[in-house]
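Residue-level structural notes
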Amino acid sequence: MEQEMSIPVNHDDFIHDVAYNFYGTRLATCGSDRFIKVWDWNKQTGQWILNESILAHDSSVIRLSWAHPEFGQVLASCSLDRTMKVWIEVDIATKGDNNRWKMATSQPQSAAVHNIAFAPEYTNLTIAAACSDGKVYLYTPTEHVKLDNWSISEHIAFSPGVSTDSDGPLSLSWCKSRFATPHMIAIGGGKENCVRIYKQDTKYVEMLELDRYESAVLDVDWAPSMGRSYHLIATACSDGHVRIYKFWSDASTAKTTISDSLFVRDGDQLDDADVGDVAATKASGSRQLDDDDEDEEDEDEDDSEEDTEEDSDEDDEDADEGDSDAGNRSSAGSSDGQHAGRGRGLHSAQDAPKAFEPHSELVGDIVVEPPMPVRRVRWNSTGTILVSSSDDGVARMWKMTVNGTWREAAAVTAERSPADL
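All values derive from a computational prediction rather than experimental measurement. (Residues numbered from 1 in each chain as written. Predicted model: local features only at pLDDT ≥ 70, side-chain atom pairs only at ≥ 80, totals over all residues. Heavy atoms only, no water.)

1. With respect to the packing of aromatic side chains
Applying the stated criterion to the full structure yields eight aromatic pairs. Ring centres of W174 and Y204 lie 6.2 Å apart, and the angle between their planes is 75 degrees; this geometry places the pair in the edge-to-face category. With a gap of 30 residues between them, W174 in strand β13 (residues 170-174) and Y204 in strand β16 (residues 204-212) connect regions that are remote in the sequence. Members of the aromatic cluster, each reached through a chain of ring pairs, are Y20, W41 and W48. Lying across the ring of F158, R196 places its NZ or CZ 4.8 Å from the centre. The side chain of K246 reaches across the aromatic face of Y230, ending 4.6 Å from its centre. (Phe/Tyr/Trp six-rings, centres within 6.5 Å; stacked < 30°, edge-to-face > 60°. Helix = DSSP H or I, 4+ residues; strand = E, 2+ residues; numbered from the N terminus. Lys NZ or Arg CZ within 6 Å of the ring centre and 35° of its normal.)

2. Some details on a nonpolar patch on the surface
On the surface, I15, V18 and Y20 cluster together into a nonpolar patch covering about 290 Å² of accessible area. Within the secondary structure layout, V18 lies in strand β1 (residues 15-20). (Patch = residues over 30% accessible without salt bridge, like charges linked within 9 Å, V, L, I, M, F, W, Y side chains within 5 Å. Areas by Shrake-Rupley, 256 points an atom, 1.4 Å probe, with all protein chains shown as cover. Salt bridge = Lys/Arg side-chain N within 4 Å of Asp/Glu carboxyl O.)

3. Topic: the sheet that holds strand β12 (residues 150-157)
In space, the four strands of this open sheet follow the order β9-β10-β11-β12, with antiparallel pairing throughout. Each having just a single partner strand, β9 (113-118) and β12 make up the two edges of the open sheet. Taken over all neighbouring pairs, the strand axes of this sheet differ in orientation by 25 degrees on average, direction set aside. In the sheet, β9 pairs with strand β10 (residues 127-131) via five bridges, with the strands oriented antiparallel. Looking across to β10, one finds that N115 is bridged to A130. (Pairing = 2+ DSSP bridges. Axes fitted to C-alpha atoms, helices over the stretch in contact; angles between N-to-C directions.)

4. Description of the state of the cysteines
In total, this model carries zero disulfides according to the counting rule given. Here C30 stays free of any disulfide, with the sulfur of C78 as its closest cysteine sulfur at 7.7 Å. On the accessibility criterion, C30 (0% relative accessible area) is buried. (Disulfide = S-S within 2.5 Å. Buried < 20%, exposed > 50% of the residue type's maximum accessible area, 1.4 Å probe, protein only.)

5. Details of the environment of A119
Turning to its location among the elements, A119 is positioned in the loop between β9 and β10. When the C-alpha atoms of A119 and S65 are compared, they prove to be 10.0 Å apart, with 54 residues separating the residues in sequence. What A119 contacts, discounting residues up to four positions off in sequence, is N124, T126 and W174. (Contact = heavy atoms within 4.5 Å.)

6. Considerations on the pattern of salt bridges
Following the criterion strictly, the structure yields 15 salt bridges and no others. Close ionic contact of R26 with E89 constitutes a salt bridge, the shortest N to O distance being 2.9 Å. Remark: E89 occurs in strand β7 (residues 83-89) and R26 occurs in strand β2 (residues 26-31); sequence separation between them is 63 residues. On the accessibility criterion, R26 (8% relative accessible area) is buried. K176 is paired through a salt bridge with D221; the nearest N and O atoms lie 3.7 Å apart.

7. Quick look at the sheet that holds β7
Within the open sheet, the four strands sit side by side as β5-β6-β7-β8. Their pairing is antiparallel. The outermost strands of the open sheet, each flanked by one partner alone, are β5 (61-66) and β8 (101-108). Looking at each pair of strands side by side, their axes are set apart by 20 degrees on average, direction ignored. Both β5 and strand β6 (residues 74-79) contribute to a ladder of five bridges, which runs antiparallel. Across the sheet, R63 pairs through a bridge with C78, a residue of β6.

8. A closer look at the nonpolar core
If you look at the biggest cluster of nonpolar residues, it comprises 21 residues, and the most contacted ones within it are M84, V86, I116, F118, I127, Y139 and W150. Elements supplying a minimum of two residues to this core: β6, β7, β9, β10 and β11 (135-141). Once you skip the residues sitting within four places of it in the chain, M84 turns out to touch S77, C78, T105, S106, Q107, I116, I127, A129 and Y139. One finds C175, V195, Y245 and F247 within the second-largest nonpolar core, a separate group that totals 17 residues. (Core = buried A, V, L, I, M, F, W, Y, C linked by side-chain atoms within 4.5 Å.)

9. Notes on the side chain of T83
Along the chain, T83 falls in strand β7. Here the side chain of T83 touches D81 through a polar contact of 2.6 Å, side chain to side chain. Apart from the residues lying within four places of it in its own chain, the contact partners of T83 are H57, S77, C78, S106, Q107, P108 and V113. (Polar contact = N/O pair within 3.5 Å; in protein donor to acceptor, adjacent residues only side chain to side chain.)

10. Remarks on the side chain of N51
When you line up the elements, N51 lands in strand β4 (residues 47-55). A relative accessible area of 10% places N51 in the buried class. A polar contact of 2.7 Å, which involves the side chain of N51, links it to the side chain of D40. Among residues more than four places away in sequence, those in contact with N51 are R26, V38, W39, D40, E89, R100 and W101.

As structure tokens, this is what we get:
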């Protein structure tokens, strides 16, 4: 059932971002009017109630991000005024006071900050801030109680050399899987026009370049894993394409599940290293079955020969059996030697399985019609539906069909036609 609700946010200029908290009971909006507005959901009236309106920055507020509720009511914002700020809600008893939210910290940057995101709660309290100078800065608090002092713990140089605001914004998204080791983050955009995945070692290092494009990368989003043996990552580009990738980062899951995945269709090409162990296991099983069949046939032939043999002298029979046994032992030894030689060949250096390397595969390339820049992509909580928004003001929902193709499931527009008024 579709239900439309209009929220009178009363921003005086463009709205750049809308962010829900973890439970979906609180909403934050920001825009070019430099304000952040926080809204609370009222169950009794079914309406969004304004919590507070904050004059947050000296320029347009571009992005917002909520921390996990285990750290309290913490909201981060970034702006074109080259600052990243953290806001904390004070005692709820002061509801109605204009100072309900206080600024915990303001971190100046050397360039405009286009994107921020809190890391998943299991990785510690960390904020990633992507700047137009081609770098992503990671901030952590010195005290997890007050949260009033933040410092740069590390930075990732995404674009080498000198970058400016004209090179385009950077986008980022954390890996949301609790069991993924090491911790990973996807970064895209800038003058590189590519998306790279970085993993945490002693510091964050490049793990894989997901893809490179001829158009600007405007957004990237990492899907929740939900028990999958692979990751799903979506990108949005200025050429009107939404691309979806499968990404394998762990050797143990890739070896055991790629060939048996429900999403692998007839004709899909799999890497030899991924299916080598499975093929070797099947071949070994086939050889074992063949050997068992040969042994059963030999036993049947011996039984028939014994039944059809004529009675002879006992001494001659013993001599013949001795000669026969000697011949069989000689034949068996020769046969075993041949089998042993073939076995050693199976494990030669040439046929040894390759060392696993993280790799990705493009599994969906969606084109928005008519072609126009796609500004934002977001996965739902299960990673089964992807939502994209483009310059035509339409939010489109995409879902994968049983044959592996991605189809538009629904479209929602904020603009009303005259017939709807």
